[in-house]
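Given next are the chains, with one letter for each unit.
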Amino acid sequence: MTALLEVRDLTKRFAMGGGLFGRSRKVVHAVDGVSLSLQPGETLGIVGESGCGKSTLARALMRLIEPSSGAVTFRGEDLMAMTPAELRRARQHMQIVFQDPYGSLNPRMTVRQIIDEPLRVHAPAADAVRLERIAEALDVVGLGRHVLDRHPHEFSGGQRQRISIARAMVLRPAMLIGDEPVSALDVSVRAQILNLLKRIQRETQVGYVIVSHDLGAIRYICHRVAVMYLGRVVEEGPVETVFRDPQHPYTQVLVSAVPVPRVHGRKARMVLTGEVPSPLDPPPGCHFHTRCPLATARCRAEVPVLRDIGGGRKAACHLLTAADDPAAGPMPINNAGAPPTATRA
Ligand code: SF4
């Protein structure tokens, strides 16, 4: 089966300031050699701390910002080689929903105009035909056609996000990217939107890439998850396996921060010491070595490669053994024991 999306070694660098009086320009390595894939009907979550590059990656996947290098293939077609006109045509099959349901809708437009906009650009047809599709999209997100002539300020945050989803889904895309799609919403509304996304996926086989720092939402909605740290994917695999038994030290810390109801006692939480290094000047070798309690001299000098570690998972850590390594033994790291110098809260 052809993958919906294939990403190989994608990088995005931003040049920052400099140039005057011979000062050298600094470069932010926002996305640093990311490879991913997505199948139809699948949901891939991308998680990590603020500034890890996940939102930049989401935009680069659609070429909303231009990647610096790497390959992106969408339904077998090379997105990077497309002309602006070809890219516009391809974009009707890939849509994006942003975090802020307040800022992403034009307050002067009615719901009908908002949802009609992508149709006019990508699927022009008679007014009556477009109106029927707009009404269908509103039915899908549970708002109904009676809201057609209302304005965004007349809706709650959850309802506005439903309008954003209707606008994205009206073109019946094959892929939807959600950049923190539920982060601005109340907990109960968040669950409604996640359930709505799940239902739409069951009915249409749309593939989702969901970027979020909300690990609970990611675990609920995703099939697979990729964990990012300073522009690189450090672990990737089936979401339940990664959350139940994280292998990379950074994933272990992230997962330990998710609140889990427990009958006996409180789950120990691992807390990282030190600041996230600046992407302007990322540490050499493993980017995580300045905060990793297990770091060795090798970690400071050599970049760990994202390798298959078995069970459909990949991780980038010198301490983990590759699945095809003849000397493969038990994983040296597991979440049964905390890294020696991590503090517990
Ligand atoms: Fe820690 Fe080294 Fe593994 Fe990086 S490669 S996560 S520094 S042990």
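Please refer to the structure placed before this passage.
Reference entry: report on the structure contained in this document. Predicted model, so just to flag it, every value in this text is computed and none were measured.

## Digging into the overall build of the protein
Argument step 1. Along its length, the protein carries 10 helices and 14 strands.
Argument step 2. For the protein, with 345 residues in total, the buried portion stands at 48%.
Argument step 3. When contacts within the protein are restricted to residue pairs at least 6 apart in sequence, long-range pairs at least 24 apart make up 63% of them.
Argument step 4. In the form shown here, the protein has an accessible surface area of approximately 16300 Å², with 53% of it arising from carbon and sulfur atoms.

## Observations concerning the site of the ligand
Argument step 1. In the vicinity of the ligand, the contacting residues are H248, P249, C286, F288, H289, C292, L294, A295, C299, C317, H318 and L319.
Argument step 2. Of the residues that constitute the shell around the ligand, the class distribution is 9 nonpolar, 3 polar and no charged.

## Overview of the side chain of Q161
Argument step 1. Structurally, Q161 can be placed in helix 5 (residues 157-169).
Argument step 2. The class for Q161 is buried, based on a relative accessible area of 0%.
Argument step 3. From its side chain, Q161 meets the backbone oxygen of F98 in a polar contact 3.0 Å long.
Argument step 4. The contact partners of Q161, leaving out residues within four places of it in the chain, are V97, F98, Q99, P101, P181, L185 and I193.

## Comments concerning the sheet that holds strand 5 (residues 77-78)
Argument step 1. The strand order 2-1-4-5 describes an open sheet built from 4 strands, whose pairing is antiparallel. Because the sheet does not close on itself, it has two edges, and the strands there are strand 2 (26-38) and strand 5.
Argument step 2. With 2 bridges joining them, strand 4 (residues 69-74) and strand 5 adopt antiparallel strand pairing. Looking at strand 5, one finds that T73 is bridged to D78.
Argument step 3. Taken strand by strand, helix 1 (residues 54-61) contacts strand 1 (5-16), strand 2 and strand 4, and its axis lies near 120° from that of strand 1.

## With respect to helix 1
Residue pairs three or four apart in sequence face the same way in an α-helix, which turns once every 3.6 residues.
Argument step 1. The buried count for helix 1 comes to 6 of 8 residues, which makes it a mostly enclosed element.
Argument step 2. Taken together, the buried positions of helix 1 are K54, T56, L57, A58, A60 and L61.
Argument step 3. Just beyond helix 1, the residue with positive phi is R63, at close to 60°.

## Notes on the packing of aromatic side chains
Argument step 1. Within the structure shown, the criterion is met by 3 aromatic pairs.
Argument step 2. With a centroid separation of 5.3 Å and 65° between ring planes, the pair formed by Y250 and F288 is classed as edge-to-face. Taken together, the residues span a long stretch of sequence, with Y250 in helix 9 (residues 249-256) and F288 in the loop between strand 11 (270-271) and helix 10 (297-301) at a distance of 38 residues. The same class applies to Y250 as to F288, namely buried.
Argument step 3. Ring-pair connections join several aromatic residues into one group, and the members of that group are Y229, Y250 and F288.

## Comments concerning the packing of helix 3 (residues 111-122) against helix 5
Argument step 1. Between helix 3 and helix 5, whose axes approach to 8 Å, the crossing angle comes to 30°. By the angle between their axes, helix 3 is roughly parallel relative to helix 5. At the point where helix 3 passes helix 5, the crossing takes the right-handed sense. Here V111, I114, I115 and P118 of helix 3 come into contact with helix 5, specifically with I163, A166 and R167.
Argument step 2. Among the residues making up the contact of helix 3 with helix 5, the classes are represented as 6 nonpolar, no polar and 1 charged.

## Notes on the pairing of strand 12 (residues 307-310)
Argument step 1. Pairing analysis gives 3 bridges linking strand 12 to strand 13 (residues 313-315), with the strands arranged antiparallel. Following the sheet pairing, G310 is matched in strand 13 by R313.
Argument step 2. The loop that links strand 12 with its antiparallel partner strand 13 comprises 2 residues; one of these, G311, has a positive phi angle of about 65°.

Calculation notes
- Residues numbered from 1 in each chain as written.
- Predicted model: local features only at pLDDT ≥ 70, side-chain atom pairs only at ≥ 80, totals over all residues.
- Heavy atoms only, no water.
- Helix = DSSP H or I, 4+ residues; strand = E, 2+ residues; numbered from the N terminus.
- Buried < 20%, exposed > 50% of the residue type's maximum accessible area, 1.4 Å probe, protein only.
- Contact = heavy atoms within 4.5 Å.
- Areas by Shrake-Rupley, 256 points an atom, 1.4 Å probe, with all protein chains shown as cover.
- Near = heavy atom within 4 Å.
- Nonpolar A, V, L, I, M, F, W, Y, C, P; charged D, E, K, R; others polar.
- Polar contact = N/O pair within 3.5 Å; in protein donor to acceptor, adjacent residues only side chain to side chain.
- Pairing = 2+ DSSP bridges.
- Axes fitted to C-alpha atoms, helices over the stretch in contact; angles between N-to-C directions.
- Phe/Tyr/Trp six-rings, centres within 6.5 Å; stacked < 30°, edge-to-face > 60°.
- Parallel < 35°, antiparallel > 145°, perpendicular 65-115°, else oblique.
- Left-handed = near helix turned anticlockwise from the far one by under 90°.

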